[in-house]
Protein chains: 2
Amino acid sequence: MVTDAKTYTVSEAARLAHVTVRTLHHYDEIGLLVPSKRSASGYRLYTDADLRRLHQILLLRELGFPLETIGRVLDDPSYDRATALRAQRELLVERIRRTESVVRAIDRALDALERGTEMEPERLFEGFEDFDHAQYEAEARERWGHTEAYKESLRRTRRYTKEDWAAIRAESEGLMDEFAAALTAGKSPEDAADLAERHRLHIERWFYPLTREGHVGLADLYEADARFGKYFESRAPGLTQFVASAIRANAARAGA
Amino acid sequence: MVTDAKTYTVSEAARLAHVTVRTLHHYDEIGLLVPSKRSASGYRLYTDADLRRLHQILLLRELGFPLETIGRVLDDPSYDRATALRAQRELLVERIRRTESVVRAIDRALDALERGTEMEPERLFEGFEDFDHAQYEAEARERWGHTEAYKESLRRTRRYTKEDWAAIRAESEGLMDEFAAALTAGKSPEDAADLAERHRLHIERWFYPLTREGHVGLADLYEADARFGKYFESRAPGLTQFVASAIRANAARAGA
DNA sequence: CTTGACCCTCACGCAACGTGAGGGTGTAAC
DNA sequence: GTTACACCCTCACGTTGCGTGAGGGTCAAG
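Quantities reported herein were computed from a predicted structural model and do not represent experimental measurements.

Visitor: Explain the protein's contact with DNA strand C here, please?
Guide: A:Ser11, B:Thr20, B:Arg22, B:Tyr27 and B:Leu67 are the nearest of the 19 residues found near DNA strand C. One nitrogen or oxygen atom from the side chain of A:Arg22 is found 3.4 Å from a base nitrogen belonging to DNA strand C. At 2.9 Å, a side-chain N or O of A:Arg44 approaches a phosphate oxygen of DNA strand C. Elements with a minimum of two residues in the surface near DNA strand C: α1 (10–17) and α2 (21–29) of chain A together with α2 (21–29) of chain B.

Right, here's the structure in full:
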């Protein structure tokens, strides 16, 4: 691939992308979008590749993801632009559907107004049940390691109801509780291997196929990502390490 | 109208509207949505009317308006729910169109990827040219006083291009510059009446029919709303009062 | 050289909540 | 009556993602 010689100044890039210069400064500052070049006088110079990354950033931002998450996604070794674009497309289509739902609720409200009747509150707020970002994100975090896995989980989860999500959450929380209990009871990671296996099956059932090798990769992710650490540690100090070790113990005994 | 006996606790209202309890606390705190009742123990109790107001809040929030603006709109004496719903509907439909545009840009990006070609940057970011809230807001501020006027201006402005907006802004800025120059030169508001007339015609041309009486109402708004004050004062100290007085002088001489 | 548009870094401030802390209320079960 | 649990209150620190200057440098045209 030929080196891209065309560059844009910060204001040019901002204008093209419909964002502010300050936004681009900020993204540079936090390492989200660092311009590929700087002029001799220190001016930021953005390349086409930079603009493509910016496009991804704006798509995910539009979908409501926090910048920190966006950065992690884009920097993941398994990140693949085509797959990401497709996934983002699906989420955007879903968003359109929801907005259409809001519009229909407006129509019904206008209708009720003209008839002098009242709408049920639930129907008034249709379309506002935005997908739960925390939920999506927690689950998404378990996916990012595997792009194909992400795709598969998207295929599956798109049809999940609130009840499904509630069940997923209950099951997940239950497993975490049991991990915490095992740790508190002084058990070793090897003793918790069954729990790890159940955890793996939980992901397999609800999200995507997960080999034990993949599970170990996930354990690495748990240890590396401070947000997982925060989640686990809030339950029991040392839980992150414990879960990760249990996962490794599970993989090791399967290999035995 | 019969008094509405049905009430909802804060969590019930939050669940119905798909927002958090904290959000409702916050809205109460800032006076945006104050529950109609409180129980003997101090619990917030929301009525159906409260939920209808919340619906409006969420619609305008969804469209990107700041809460302060939302509050002003809903508290305006000329606020009319049906008209507001219709206007919001139109803005939401526009938003759907823009998101569809984003999706089409994704499709083109995927196409280019498969062909190994590159997209023009402008086309990559199509759909992200979100309507300029500051612009809309500045212009909307000139509308709120008259609901019919708002409707008319919406009808007109929906088809305005970026060039139109640029022209509007240039004209508006130009007028403001001339007002500031007149003030700085020590002219009286009476001497600036012609400018006021041009200002009135500017609004008539781009937004809605504006009588001189209506123009005076606008002058009142300029003086009453701190945000206008901020805008004018940033150009020249005392400009708010000057413009308002010029508008009144213009109306007075037309009556002479 | 001057002017005007653009560039840089630095940094205070804000909107809109999120997340506890600490304590009260209501209801059902024991 | 006590306990447990889910919900309620106010208070308040903190976060995210910029907006808005301040103060000064760069570039190109007149």
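Visitor: Mind showing me how you'd approach the relation of the copies chain A and chain B here?
Guide: Laying chain A over chain B is done by rotating through 179° and shifting 0.1 Å along the axis; what remains is an RMSD of 0.4 Å. Here the transformation between the copies is reduced to the relation of a two-fold axis. Judged by C-alpha distance, A:Ile96 is the residue of chain A that lies nearest the rotation axis, at 2.9 Å. A shared binding surface is used by both copies, with 100% of the interface residues of chain A retained as interface residues in chain B.

Visitor: Mind showing me how you'd approach the nonpolar core here?
Guide: The tendency in soluble globular proteins is for nonpolar side chains to be buried as a group. Among the nonpolar cores identified, the biggest contains 74 residues, and A:Leu24, A:Leu54, A:Phe125, B:Leu24, B:Leu54 and B:Phe125 are the most heavily contacted of them. Looking at this core element by element, the count peaks at 11 residues for helix α5 (residues 81–115) of chain B. With near-sequence residues (within four places) excluded, A:Phe125 lies in contact with B:Leu16, B:Ala17, B:His18, B:Leu51, B:Leu54, B:His55 and B:Leu58.

Visitor: For this particular structure, what's the right way to read the interface of chain A and chain B?
Guide: How big an interface is tends to be expressed through the accessible area that disappears when the partners come together. In this assembly, 40 residues from chain A lie in contact with 40 residues from chain B. For the chain A and chain B pair, buried surface summed over both sides reaches about 3900 Å², with 71% attributable to carbon and sulfur atoms. When the area that chain A buries against chain B is broken down by residue, the three leading residues are A:His18, A:Phe125 and A:Phe128, summing to 17%. One can count 6 salt bridges joining chain A with chain B.

Visitor: Sorry if this is basic, but what is going on with the protein's contact with DNA strand D here?
Guide: Lining the immediate surroundings of DNA strand D are 19 residues, of which A:Thr20, A:Arg22, A:Tyr27, A:Leu67 and B:Ser11 lie closest. Looking at DNA strand D alone, sugar and phosphate atoms form 73% of those within 4 Å of the protein. Within the side chain of A:Tyr27, an N or O atom sits 2.6 Å from a phosphate oxygen of DNA strand D. Here a phosphate oxygen of DNA strand D sits 2.8 Å away from a polar atom, N or O, in the main chain of A:Leu67. Every element with two or more residues in the surface near DNA strand D is listed here: α2 of chain A together with α1 (10–17) and α2 of chain B. For the surface near DNA strand D, the element with the highest residue contribution is α2(A), accounting for 4 residues. When grouped by side-chain class, the residues that make up the surface near DNA strand D number 6 nonpolar, 8 polar and 5 charged.

Visitor: Would you mind going over α1(B) with me for this structure?
Guide: Given 3.6 residues per turn, any residue in an α-helix points the same way as the ones three and four places further on. Residues and elements named next belong to chain B. Every buried residue belonging to α1 is among Val10, Ala13, Ala14, Leu16 and Ala17, and all of these are buried. Burial along α1 is one-sided: seen end-on, the buried residues are contained in an arc of 165°. Backbone geometry just after α1 places His18 at a positive phi near 60°.

Visitor: Any chance you could explain unusual backbone geometry here in plain terms?
Guide: Of all residues except glycine, most have a negative phi; of all peptide bonds, most are trans. Despite not being glycine, A:His18 shows a phi value in the positive range, around 60°. Its location among the elements puts A:His18 in the loop between α1 and α2.

How each quantity is defined
- Residues numbered from 1 in each chain as written.
- Chains lettered and ligands numbered in written order.
- Predicted model: local features only at pLDDT ≥ 70, side-chain atom pairs only at ≥ 80, totals over all residues.
- Heavy atoms only, no water.
- Near = heavy atom within 4 Å.
- Polar contact = N/O pair within 3.5 Å; in protein donor to acceptor, adjacent residues only side chain to side chain.
- Helix = DSSP H or I, 4+ residues; strand = E, 2+ residues; numbered from the N terminus.
- Least-squares fit on C-alpha atoms with pLDDT ≥ 70 in both.
- Contact = heavy atoms within 4.5 Å.
- Core = buried A, V, L, I, M, F, W, Y, C linked by side-chain atoms within 4.5 Å.
- Buried < 20%, exposed > 50% of the residue type's maximum accessible area, 1.4 Å probe, protein only.
- Buried area = accessible area lost by both parts, 1.4 Å probe.
- Salt bridge = Lys/Arg side-chain N within 4 Å of Asp/Glu carboxyl O.
- Nonpolar A, V, L, I, M, F, W, Y, C, P; charged D, E, K, R; others polar.
- Arc of directions from axis to C-beta.

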